[in-house]
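# Tertiary structure, described
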Amino acid sequence: MLSEREKELLKLPTPCYVIDEAMLKHNLAILQKIEQQTGCHILLAQKAFSAYHVYPLIAEYISGTTASGIFEAMLAHEEMPQKQVHVFSPAYKDEDFDELLRICDHIVFNSFSQWKHFREKAMRHPEVSFGLRINPEYSEIDTDIYNPCFESSRLGITLENFEEDELEGISGLHFHTMCEQGAETLQRTLSAVEDKFGKFLPKMKWLNFGGGHHITLPDYRTDILIDCIRSMQEKYGLEIYLEPGEAVAIHAGWLVCSVLDVIRNGRDIAIVDTSAAAHMPDVLEMPYRPLILNSETSGTLPYTYRLGGPTCLAGDVIGDYSFDAPLRRGDKLIFTDMAMYSMVKNNTFNGMPLPSIYLLKEDNTPVLLKQFGYDDFKRRL
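Here goes a summary of the coordinates provided. Just so we're clear, the structure is a prediction, and the values are computed from it rather than from any experiment.

Below, the discussion takes up the packing of aromatic side chains. If you walk through the whole model with that rule in mind, you get 18 aromatic pairs. On the basis of an interplanar angle of 25° and a centroid distance of 4.2 Å, the ring pair of F97 and F118 is categorised as stacked. Remark: F118 occurs in helix 6 (residues 112–122) and F97 occurs in helix 5 (residues 94–103); sequence separation between them is 21 residues. Residues F97 and F118 agree in their burial class; the two are buried. Centre to centre, the rings of F109 and W115 are 5.4 Å apart; their planes meet at 55°, and the pair counts as tilted.

Take a look at the structure:
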């Protein structure tokens, strides 16, 4: 059965993303408590969630944002003023760097060659803190496309390539080696960081633990996280930063779609008005099978369907699901956990309309934040 809150989603035109204000606040309150207990700084990783309409809400709870490039940095500066803006990129363009110096509090470099290229200009801006991304060559991520420490990774400086005599002007180190993982993984990762780069930490003012921390999941060991933070603070006198994305937006959104047709080819197939390729690319990239409210795995309930999108891509398949009743044209389905890595990664392949974006307020009132049309498709080309 759907809750009264979930029933409101069935009234919306499809396809649409819906951000859950109540769950967003729940997640943010957990992150705020970590900040208050430890004095660390938690930053929203915009690469996972950039719905800037709720940035004023996020700003009430955490220290700021981190960006992966110039446009994310500009968005954070504009929409979350008075909060910290950090940026990391594998390489910066000369024409972007002046603007980054103007709007960012921390700028992290991926190599000593990048640091040396921009150092003279950077050193004229004492109000900005500069850091280096390190690669401890330790990660517990199984999927290479998401593993920053896989062989020949372009992300971060390995110990072999670390130039100790070029640290003038560098205030901190940054590592990002995790993806959807718990505090136990962070604990083991910190051991690897200390083993390889510990001798440089006394020279630093701050250490950034990166992202990939599932802090807001019920089984996450916040006690271990707090111990990790305090250990680095006490041992080296460091200011600690974390930059989760999923932990902010996890379980805080849905994607609502409608059934357009039901066909049969060896099995029952339902064509819906949302696309894995265009609207939830991680379904194909990860890959994974997103959950649908009131559905089960194939064969569990009486009626099983393979759900596919309306694009021409043969592989635009969302997954196999079973339901209590047969699907018919016009039925609406609600995909869960669709706030993160969806709106930020979607596209208009095949001229697919982008889903509208709604905010479901705590009182169950849906508020339209953004609606897209043909011009949004045309302007991208």
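Evaluation of the coordinates by the stated rule reveals 22 salt bridges. Across the pair E164 and K203 runs a salt bridge, and its minimum N-O distance is 2.9 Å. With E164 in the loop between strand 6 (129–133) and strand 7 (172–174) and K203 in the loop between helix 7 (183–197) and strand 8 (206–208), this pair connects stretches of sequence that are 39 residues apart. It is possible to trace a salt-bridge network through shared partners that takes in R267, R306 and D320.

On to the packing of helix 7 against helix 8 (residues 222–236), then. Across the interface, helix 7 lies against helix 8 with an axial gap of 8 Å and an inter-helix angle of 25°. Regarding the angle of helix 7 to helix 8, the classification is roughly parallel. In terms of crossing hand, the pair formed by helix 7 and helix 8 is left-handed. In this structure, helix 7 uses A183, E184, L186, Q187, L190 and E194 to contact helix 8, whose residues at the interface are I224, L225, C228, M232, K235 and Y236. Within the contact of helix 7 with helix 8, the residues separate by chemical class into eight nonpolar, one polar and three charged.

This brings us to the sheet that holds strand 8. Spatially, the eight strands close up into a barrel ordered 2-3-4-5-6-7-8-9, and their pairing is parallel. Neighbour to neighbour, the strand axes of the sheet diverge by 25° on average, direction disregarded. Strand direction decides the pairing type here: strand 7 and strand 8, joined by three bridges, are parallel. Its bridge partner being in strand 8, L173 is matched across the sheet by L207. In this fold helix 4 (residues 70–79) packs onto strand 3 (64–67) and strand 4 (84–88), with an angle of close to 165° to the strand it touches most, strand 3. Taken strand by strand, helix 6 contacts strand 5 (106–109) and strand 6, and its axis lies near 175° from that of strand 6.

Moving on: the nonpolar core. Membership of the largest hydrophobic core comes to 101 residues, with the highest contact counts inside it found for F49, I107 and F209. Top element by residues in this core is helix 8. It accounts for seven residues.

A few words on the packing of helix 2 (residues 21–38) against helix 8. Helix 8 packs onto helix 2 with a crossing angle of 40° between their chain directions and a minimal axis gap of 10 Å. At the point where helix 2 passes helix 8, the crossing takes the right-handed sense. In this structure, helix 2 uses I34, Q37 and T38 to contact helix 8, whose residues at the interface are T222, L225, I226, I229, R230 and Q233. Residue composition of the contact of helix 2 with helix 8, by class: four nonpolar, four polar and one charged.

Cut-offs applied
- Residues numbered from 1 in each chain as written.
- Predicted model: local features only at pLDDT ≥ 70, side-chain atom pairs only at ≥ 80, totals over all residues.
- Heavy atoms only, no water.
- Phe/Tyr/Trp six-rings, centres within 6.5 Å; stacked < 30°, edge-to-face > 60°.
- Helix = DSSP H or I, 4+ residues; strand = E, 2+ residues; numbered from the N terminus.
- Buried < 20%, exposed > 50% of the residue type's maximum accessible area, 1.4 Å probe, protein only.
- Salt bridge = Lys/Arg side-chain N within 4 Å of Asp/Glu carboxyl O.
- Axes fitted to C-alpha atoms, helices over the stretch in contact; angles between N-to-C directions.
- Parallel < 35°, antiparallel > 145°, perpendicular 65-115°, else oblique.
- Left-handed = near helix turned anticlockwise from the far one by under 90°.
- Contact = heavy atoms within 4.5 Å.
- Nonpolar A, V, L, I, M, F, W, Y, C, P; charged D, E, K, R; others polar.
- Pairing = 2+ DSSP bridges.
- Core = buried A, V, L, I, M, F, W, Y, C linked by side-chain atoms within 4.5 Å.

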